[in-house]
Amino acid sequence: METIDYGIDLGTTNSLVAKYSKGKVEVFKNPVGFKETLPSCVAFRGERIIVGDKAREYIVKDPLNVFSAFKRKMGTSEKYLIPSLMSYYSPIGLSAMVLKELKNFIPEVQKPSSIVITIPASFDTVQCNATKEAGKEAGFEEVVLLQEPIAASLAFFNEKMNDAGSLGKWLVYDLGGGTFDIALITIDKDEMRVVDHEGDNFLGGVDLDQMIVTQLILPRLKEITGKGDIDSLINQRNGPYEKLYYILLLKAEEAKKELSINETAEIEFTFEIEDEPAREIYFEITRTAFEELIAPKIDYTLDFVQKIFDRNHLSSADIKNIILIGGSTIIPYVRKRIGESTGIPVNFSADPSTAVAVGAAYYAGAKIKTLANKFSEVSNETALERDVQLQVAYNKTTKDMEEYVTALFENLPENCTYRMVRADGGYDSGIKNASTKIGEFVLLKANAVNQFTIKVYDEQNNELSVPNSKIEITQGLFSLYGQTLPEDICIEVDDLNNNTTISEVIFVRNSILPLKKTVFKELSRTIKKGSTDSLIINILEGNQSVHPSANKVIGVIEINGSMLESDLVYGSDVEITLEISESREISVSAVLTFTNQTFNHIFNPMEKYISITKLREELKTLRNEINLSIEKVLENDDYEKASFLNELLDVNNTLIKDASTLRDGDLDERKYQLEEQKRRVAAQFYNVGINNSPVYDKKEKIQSLKLYIDHIMTYHNDVPETIKEEYNIMITANHELMKSTNHFQLNTFFMKLEKFHGKMVFNVPSLLINNFVYMQGLSESDFNNYKKVKKLFEQGEKAMEKSNHNELLAICKEIWGEMKDQNTEIEKIKGTGLGS
Amino acid sequence: MKETLTIMNQFALLELKLGNDKDESIQRIIQRIKAVWEGMGLVYQLPLGEKYTDTRTDVMANIVGEMDNDMTITQIVKPIIYQNNVIVQQGIVMVEAKKK
Ligand SMILES: Nc1ncnc2c1ncn2[C@@H]1O[C@H](COP(=O)(O)OP(=O)(O)O)[C@@H](O)[C@H]1O
Ligand SMILES: [Mg+2]
């Protein structure tokens, strides 16, 4: 047997929908704006119907076409005239619109056909039937009603229902945005029942906001500005203070919420009226002042409690608990005052804004559907019908901020509605009647690919599946016919950990011109004012995954010590803006934020730029790397490659010698030739299958470290579960990363792996022992202070005998501290000065 | 996340307060901070002066004065915040008819 599972709080001001599943309740969020609450408000704007937040915006300005609080009119014969449609809507019809909109909050494709809807305890039979009718109109075939105070109680002690301590009489006190309700309920072993209720349909949080404005803010404002007429003018429509009034209402609600947490709240706004300079207003209001202000209102609500007591011949002692619900009961004073004045324990353990919806869902989770599940039948029926077809016409790219979309439907059933929404949540056409041909101006987000969906609903508000209903419009920037970038554009940054530099991509290949981007870098070393040292901003064209020296230099800015106004300090910011025009002209501007100096250069792609310093540096790096590779291939007895590398090394050494004779300002072409030759050597070295390009190298390192860790995971039986778990999570999360060809990302991942490996050594006893034994096997020259290390080895042996892991760990840490850095012999490169 | 949004809200208002003619170095710090958020997929937008219609669901509007077909956003109480190109916070704005 199936349960209903879905529950709706159809409120006077706000409505919510929630679902019960496997013992838990989830309150759904509006796919636009992600709020749980939907204002119970409907607006008719021209031919479109808007429900919720957007509709509420027009309450004040277009009151004839906006309807709210219609819940108060449920079950009456009241009809609302819609001027723009020249037709009437009943409170039932309007409630149905809210229910339909809530249906859209439910992410499941198959919307429920049975639902629990809550009603106030005060609703009579006619009002109940009206609510059911609204549910049916919204497309629910089975509607079960539940009283709000009961729903709230369910939310509070759903799990403890049979707890003897909770049996007896309870009060549910609901102070929301616009209404106040109080209900007396009894709970016995198998029943929860509303015995009596009272309330005021025109009292809630909104009134408190208004009081804050008129009684706490305006007096201060009068004092500060000397304007005595604010009081009388403030809420005048189209008056001089109208805008201020709305702002103050927002500020008041904000401050009210702030005062639920803190002792004081700030009121801060700009006071602006025509012909006068704007002035900033700032003051604080205190919780004490707020409490004094609202005390009479809260006492007024307590009168209702007394009425209920009198009528039922009860006293406080007869009541187990008061449950507080409704957003306004978050106010600490309300909680305190109710408890103190009645002497009854106050319970506010659940979220007061969602309790009713949550309770409704709990109830729905236990309520068996009486309706046979009709899903399968329905789908058979629709299969017989011809599918709706859709043809859409629109401009795929535009520079405008809006675009006209037309669509032609075929086989459209009677009385369908449609709606267009933008995927990011920034546009919603509202609900409109669908005809064979429709047209809509859609709004676009600037410089982005805008995705829209055309949703079509049948009479019961079930979404129909329509092919081709997704459209994409590209705004701004990306012109379809623009030229593309043939290769990656990179800047060269230091990777001093690995004693090299890398190409960091700024614009990827195939991006459409023109392009502009700003990146922020930190100095990787200090450059002294007046020194010959320099910061090099090297703009490269080529492939982001190869070493910078194998890429073409298309622009370079060299900022040397003599150009600096003060020392350029390690860690300070460099802001680099790179712009490429449609004619491929490259402008670079570098701002040194520390010295506040700006360097602008425009590079024409027809010219070449060569920095001698840079050239020398690169040749040196190349020499180091070739040397390393030679060692490596010799280890593998690959003499052929070794001899090839030796030849490259010879060429490179000649180039180094030649470069040393170059001088700034040389007029001949020698430096261009040298640069060209260097690039050829680099390209041969990095591409000829020696396979120690930085990327390949990293990948290899990652692979072997991972294999090693995998091995430990399988063969060491003392790896803690938490470590295993952490490893699995890390590998899954970085799965894509491992396939990357970006040196940057690979490096990050490698560092993560290394760190994790370190952690393993700390946490896996057998691994620590392995490591200790390994270190014992090293030679004297591998350590700084071998005498000390020898002593530590002895102590470690003892710790091992005692199986004292922590002691061994402490000893190992000391030994690690004495190990010599293996990389010290390699000549350190200086780098560009730009950190990565 | 909530804290980040609060910081972004305050920062966006700070940017607004500083106005258009802010010092170049201040502008730079602002851009730098925004770049860090952008790296986290977070972007805020200040739609000041933009056209307003009832199909805009990226902001919640308070309409001031007479309504007509040509409404403009004249003041911002909260910015629009995007996370990975989806709106996570609707802006709160004041909207007015264009002065003729
Ligand atoms: N933290 C808070 N402190 C004080 N008031 C709050 C707080 N949070 C929400 N509210 C107020 O609660 C009211 C909304 O309550 P809610 O139960 O959603 O309304 P309703 O049941 O009438 O639809 C609003 O007036 C709001 O200002
Ligand atoms: Mg309520």
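Quick caveat, the model's predicted, so the values are computed rather than measured. (Residues numbered from 1 in each chain as written. Chains lettered and ligands numbered in written order. Predicted model: local features only at pLDDT ≥ 70, side-chain atom pairs only at ≥ 80, totals over all residues. Heavy atoms only, no water.)

**What about the overall build of chain A?**
Item 1. When its secondary structure is counted, chain A shows 20 helices and 35 strands.
Item 2. Every one of the 836 residues in chain A was classed for burial, and the buried ones make up 50%.
Item 3. Long-range contacts, defined here as pairs at least 24 residues apart, represent 66% of the contacts in chain A between residues at least 6 apart.
Item 4. Accessible surface for chain A amounts to roughly 41100 Å². Of this, 49% is attributable to carbon and sulfur atoms. (Helix = DSSP H or I, 4+ residues; strand = E, 2+ residues; numbered from the N terminus. Buried < 20%, exposed > 50% of the residue type's maximum accessible area, 1.4 Å probe, protein only. Contact = heavy atoms within 4.5 Å. Areas by Shrake-Rupley, 256 points an atom, 1.4 Å probe, with all protein chains shown as cover.)

**Some points on the overall build of chain B**
Item 1. When you go through chain B residue by residue, the secondary structure sums to two helices and seven strands.
Item 2. Across chain B, helices and strands are ordered from the amino to the carboxyl terminus as α-α-β-β-β-β-β-β-β.
Item 3. Of all 100 residues assigned to chain B, the portion counted as buried reaches 47%.
Item 4. For chain B, the accessible surface area stands at approximately 5100 Å², while carbon and sulfur atoms represent 53% of it.

**Comments concerning the interface of chain A and chain B**
Size of an interface, as often reported, equals the accessible area lost when the parts are brought together.
Item 1. If you look at the interface, chain A gives 40 residues, while chain B gives 36 residues.
Item 2. For the chain A and chain B pair, buried surface summed over both sides reaches about 3300 Å², with 55% attributable to carbon and sulfur atoms.
Item 3. Sorting the residues of chain A by area buried against chain B places K54(A), K243(A) and F520(A) first, and these three jointly supply 18% of that buried surface.
Item 4. Across the chain A-chain B interface, the total number found is six salt bridges.
Item 5. R28(B) is paired through a salt bridge with E575(A); the nearest N and O atoms lie 3.1 Å apart. (Buried area = accessible area lost by both parts, 1.4 Å probe. Salt bridge = Lys/Arg side-chain N within 4 Å of Asp/Glu carboxyl O.)

**Quick word on the side chain of K227(A)**
All names here are of chain A.
Item 1. Here K227 is to be found in the loop between α5 (205–225) and α6 (230–233).
Item 2. Among the polar contacts made by the side chain of K227, one reaches the side chain of E276 at a distance of 2.7 Å.
Item 3. Discounting chain neighbours no more than four positions away, the residues touching K227 are K222, Y241, F271, I273 and E276. (Polar contact = N/O pair within 3.5 Å; in protein donor to acceptor, adjacent residues only side chain to side chain.)

**Re the sheet that holds strand β13 (residues 180–188) of chain A**
Residues and elements named next belong to chain A.
Item 1. Ordered in space as β14-β13-β12-β17-β18, the five strands form an open sheet in which the pairing is mixed. Two strands close off the open sheet at either side, each with one partner strand: β14 (191–200) and β18 (346–347).
Item 2. Bridge count between β13 and β14: nine bridges; the pairing is antiparallel. Bridged to F180 within β14 is D200. (Pairing = 2+ DSSP bridges.)

**Things to note about unusual backbone geometry**
All names here are of chain A.
Item 1. Look at D5: it is not a glycine, yet its phi comes out positive at around 70°.
Item 2. Mapped onto the secondary structure, D5 falls in the segment before β1 (6–10).
Item 3. With phi around 55°, N415 is a residue other than glycine that occupies positive phi space.
Item 4. In this fold, N415 is placed in the loop between β21 (402–410) and β22 (417–422).

**Here's the deal with the side chain of S524(A)**
Residue and element names in this part refer to chain A.
Item 1. Position of S524 among the secondary structure elements: in the loop between β30 (515–522) and β31 (534–542).
Item 2. For S524, the side chain forms a polar contact with the side chain of D494, separated by 2.8 Å.
Item 3. Excluding residues within four positions of it along the chain, S524 makes contact with D494, L496, Y570, G833, L834 and G835.

**A closer look at the environment of Q210(A)**
All names here are of chain A.
Item 1. Positionally, Q210 belongs in helix α5.
Item 2. Here Q210 falls in the partly exposed class, since its relative accessible area comes to 32%.
Item 3. Counting along the chain gives 40 residues from Q210 to L250, while the straight-line C-alpha distance between them is 9.9 Å.
Item 4. Sequence-distant contacts of Q210, that is, excluding residues within four places in its chain, are made with Y245 and L249.

**Here we look at the packing of helix α18 (residues 765–776) of chain A against helix α20 (residues 805–818) of chain A**
All names here are of chain A.
Item 1. At a closest axis distance of 10 Å, the pairing of α18 and α20 adopts a crossing angle of 40°. Compared by their axis directions, α18 and α20 come out oblique. The interaxial crossing formed by α18 with α20 has left-handed handedness. Taken together, the residues of α20 that come into contact with α18 (itself represented by P765, L768, I769, N771, F772 and M775) are H805, L808, L809, C812, I815 and W816.
Item 2. Here the contact of α18 with α20 is composed, by residue class, of 10 nonpolar, two polar and no charged. (Axes fitted to C-alpha atoms, helices over the stretch in contact; angles between N-to-C directions. Parallel < 35°, antiparallel > 145°, perpendicular 65-115°, else oblique. Left-handed = near helix turned anticlockwise from the far one by under 90°. Nonpolar A, V, L, I, M, F, W, Y, C, P; charged D, E, K, R; others polar.)

**Brief notes about the site of ligand 1**
Residues and elements named next belong to chain A.
Item 1. Inspection of the region around ligand 1 gives 16 residues, with T13, G177, E253, K256 and S260 positioned closest.
Item 2. Here G177 contributes a backbone N or O atom positioned 2.8 Å from an oxygen atom of ligand 1.
Item 3. The contact in question runs from an oxygen atom of ligand 1 to an N or O atom on the side chain of K256, over 2.7 Å.
Item 4. Alone, ligand 1 offers 580 Å² of accessible surface; in the complex the protein occludes 84% of this.
Item 5. Contributing elements (two or more residues each) for the shell around ligand 1: α5 and α7 (242–259).
Item 6. Sorting elements by how many residues they give to the shell around ligand 1 places α7 first, with three residues.
Item 7. Each residue belonging to the shell around ligand 1 can be placed in one class, and the counts come to three nonpolar, 10 polar and three charged. (Near = heavy atom within 4 Å.)

**Examining the confidence of the model for chain B**
Item 1. Averaged over chain B, the pLDDT score is 89; the fraction of residues at 70 or greater is 98%.
Item 2. Here the prediction assigns the complex a pTM of 0.62, and the interface score ipTM is 0.78. (pLDDT = per-residue confidence, 0-100.)

**Some words on the packing of aromatic side chains**
All names here are of chain A.
Item 1. Applying the stated criterion across every chain, the model contains 20 aromatic pairs over all chains.
Item 2. Pairing Y427 with F452 gives two aromatic rings, centres 5.8 Å apart and planes at 80°, and the pair type is edge-to-face. Within this pair, whereas Y427 is found in the loop between β22 and β23 (432–433), its partner F452 is found in strand β25 (residues 449–457), the two being separated by 25 residues in sequence. Summarising the burial analysis for this pair, Y427 and F452 share the class buried.
Item 3. Geometrically, the ring pair formed by F772 and F793 is edge-to-face, given 5.7 Å between the ring centres and 80° between the ring planes. Placement of the pair is F772 in helix α18 and F793 in helix α19 (residues 786–801), with a sequence separation of 21 residues. Just as F772 is buried, F793 falls in that class too.
Item 4. Here the guanidinium or amino end of K103 rests over the ring plane of F140, the centre of that ring lying 4.9 Å away. (Phe/Tyr/Trp six-rings, centres within 6.5 Å; stacked < 30°, edge-to-face > 60°. Lys NZ or Arg CZ within 6 Å of the ring centre and 35° of its normal.)

**Structural notes on the nonpolar core**
Residue and element names in this part refer to chain A.
Item 1. Core analysis: the largest hydrophobic core is formed by 59 residues, its most contacted members being L171, Y173, F269, F271 and I285.
Item 2. The element that contributes the greatest number of residues to this core is helix α8 (residues 287–312), accounting for 10 residues.
Item 3. Other than its neighbours up to four places away in sequence, L171 contacts I182, A183, L184, V305, F309, I319, N321, I322, I323 and I344. (Core = buried A, V, L, I, M, F, W, Y, C linked by side-chain atoms within 4.5 Å.)

**Overview of a nonpolar patch on the surface**
Residue and element names in this part refer to chain A.
Item 1. A cluster of nonpolar side chains, contributed by L81, M86 and Y88, occupies part of the molecular surface with about 370 Å² of accessible area.
Item 2. As for its placement among the helices and strands, L81 is situated in strand β8 (residues 80–82).
Item 3. Look at L81 and you get partly exposed, because its relative accessible area is 38%. (Patch = residues over 30% accessible without salt bridge, like charges linked within 9 Å, V, L, I, M, F, W, Y side chains within 5 Å.)

**Focus on the sheet that holds β21(A)**
Residue and element names in this part refer to chain A.
Item 1. One open sheet accounts for three strands, arranged β19-β21-β24; its pairing is antiparallel. Here the strands that pair on one side only, and so sit at the sheet edges, are β19 (389–393) and β24 (437–443). Averaged over all pairs of adjacent strands, the angle between strand axes in this sheet comes to 25°, irrespective of strand direction.
Item 2. Direction of pairing for β21 relative to β24: antiparallel, over a ladder of seven bridges. Bridge assignment links V405 to a residue of β24, and that residue is E440.

**Focus on the pattern of salt bridges**
Item 1. Counted according to the given criterion, the structure contains 45 salt bridges over all chains.
Item 2. Measuring nitrogen to oxygen at the nearest pair gives 2.9 Å for the salt bridge that ties R56(B) to E50(B).
Item 3. For R56(B), a relative accessible area of 7% puts it in the buried group.
Item 4. Taken together, the shared-partner salt bridges connect R45(A), E47(A), R48(A), D62(A), K432(A), E440(A) and D54(B) into one network.

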